[in-house]
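# Commentary on secondary and tertiary structure
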Amino acid sequence: MQSPEIGHMENYGASHLTVLALTVVAVVVLVRTARGRHGETVTTAFGWVLLVVAVLWMVWWWLPGNFDVGQSLPFHLSDWLRIIAPLALVSRRGWAIVLSYFWGLTFNLQALLTPDLVYFRYPALEFAGYWFLHASVFVVPVVLMWGLGYRPTWRGWAFGWAVTIGWVGVALGVNALLGTNYGFVSEPPGNPSLLDLFGPWPWYVVTVALLIGPVYALLTWPWATRRTLAGTVPLPGGLARRRDSARPVGA
């Protein structure tokens, strides 16, 4: 069932600028907290809170009165990310850390800077859910890298690139089957976005697919130099490393 839209959020209005400012404040506070005496405990607890909220948000969209075939199925990249990011904080597994890092600081930026926030039934709840989850999955990789001392490796770069291309393929297949637009890989968002810089569909999909590898490489390179590798140890699987002084949970 397709629910009728009742409105969009105005980009760069007062509410948008406010949540962006709050996101910056959250980054500063949580990075400082992660470096403190109780950083491991606090960040793990935040991971559990985020995971519970993400699951409840998913279930809420599946309720019969809220279900929308173009929004409720878990095929947006953000649907995957808001489960993976809290798992990174809770488990400290390399695969979750690198996907949180690559996705949270690239694709998720579009959701923060040029959101396509559509209101269907409950604007206040939809606004709160959208922004808490999208801001949180931006904060998580910053905390993991600059607060807790985790780093992606070149093996993690290859893994992140392969998984991202795999997600694009899944989203394209679902969209072709259901007539949806998960991940905006079948048509551009309704609002102006960063994708507009790369031309019309399908060229922006091709361009972004070609840029994923080099962009992820740029995000990996600062953490993979001899200087930044000093004093770190690999996590199981070799997708990420951590400062030797960090104490990963469940690694």
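Turning our attention to the packing of helix α7 (residues 154-178) against helix α8 (residues 203-220). Across the interface, α7 lies against α8 with an axial gap of 10 Å and an inter-helix angle of 155°. It follows from the interaxial angle that α7 and α8 lie roughly antiparallel. α7 and α8 meet at a crossing whose hand is right-handed. Where α7 abuts α8, its residues W154, W157, G160, W161, T164 and I165 lie against A209, I212, G213, Y216, A217 and T220. When its residues are assigned to classes, the contact of α7 with α8 shows eight nonpolar, four polar and no charged.

I97, W103 and L144 are the most contacted members of the largest nonpolar core, which has 60 residues in total. Ignoring any residue separated from it by four or fewer positions in sequence, one finds I97 in contact with A88, R92, L144, M145, Y150, L235 and A240.

Below, the discussion takes up the confidence of the model for the chain. It should be kept in mind that the predicted coordinates are not to be read in detail where pLDDT is low. Residue-level pLDDT values for the chain average 90, and 95% of them are 70 or greater. By mean pLDDT, the top-scoring element of the chain is helix α4 (residues 94-104) (97), and the lowest-scoring one is strand β1 (residues 7-8) (72). The low-confidence segment residues 246-251 (pLDDT under 50) makes 18 contacts with residues lying over four places distant or belonging to another chain.

Structurally, A135 can be placed in helix α6 (residues 123-147). Sequence separation between A135 and A111 is 24 residues, and the spatial gap between their C-alpha atoms is 9.0 Å. Sequence-distant contacts of A135, that is, excluding residues within four places in its chain, are made with T23 and L112.

The next thing to look at is α6. Each full turn of the α-helix corresponds to 3.6 residues, which orients residues three or four apart in the same direction. End to end, α6 covers 34 Å across 25 residues, agreeing with the expected 36 Å (1.5 Å per residue, within 8%). Of all 25 residues in α6, 18 are buried, a share of seventy percent or more. Looking one or two residues beyond α6, the residue adopting positive phi is G149, at roughly 85°.

Our focus in this paragraph is α7. For α7, built from 25 residues, the straight-helix expectation of 36 Å at 1.5 Å per residue is met to within 8% by its first-to-last C-alpha distance of 36 Å. Within α7 the residues assigned to the buried category are G156, G160, T164, W167, V168, A171, V174 and N175. Looking at the packing, one finds that the buried side of α7 touches α3 (77-91), α4, α5 (107-113) and α8. Among the residues trailing α7, G179 stands out with phi positive, at a value near 70°.

Our focus in this paragraph is a nonpolar patch on the surface. Judged by side-chain polarity, Y12, L17, L113, L194 and L197 come together as a nonpolar surface patch covering roughly 480 Å² of accessible area. In this structure, L197 sits in the loop between α7 and α8. The exposure class of L197 is exposed, given its relative accessible area of 68%.

This part covers the environment of S136. Along the chain, the position of S136 falls in helix α6. Looking at S136, the relative accessible area reads 6%, which means it is buried. It is 9.6 Å that separates the C-alpha atoms of S136 and F46, two residues lying 90 residues apart in sequence. Separated by 2.6 Å, the side chain of S136 and the backbone oxygen of F132 make a polar contact.

So, how was this worked out
Residues numbered from 1 in each chain as written. Predicted model: local features only at pLDDT ≥ 70, side-chain atom pairs only at ≥ 80, totals over all residues. Heavy atoms only, no water. Axes fitted to C-alpha atoms, helices over the stretch in contact; angles between N-to-C directions. Helix = DSSP H or I, 4+ residues; strand = E, 2+ residues; numbered from the N terminus. Parallel < 35°, antiparallel > 145°, perpendicular 65-115°, else oblique. Left-handed = near helix turned anticlockwise from the far one by under 90°. Contact = heavy atoms within 4.5 Å. Nonpolar A, V, L, I, M, F, W, Y, C, P; charged D, E, K, R; others polar. Core = buried A, V, L, I, M, F, W, Y, C linked by side-chain atoms within 4.5 Å. Buried < 20%, exposed > 50% of the residue type's maximum accessible area, 1.4 Å probe, protein only. pLDDT = per-residue confidence, 0-100. Expected span 1.5 Å × (residues − 1). Patch = residues over 30% accessible without salt bridge, like charges linked within 9 Å, V, L, I, M, F, W, Y side chains within 5 Å. Areas by Shrake-Rupley, 256 points an atom, 1.4 Å probe, with all protein chains shown as cover. Salt bridge = Lys/Arg side-chain N within 4 Å of Asp/Glu carboxyl O. Polar contact = N/O pair within 3.5 Å; in protein donor to acceptor, adjacent residues only side chain to side chain.

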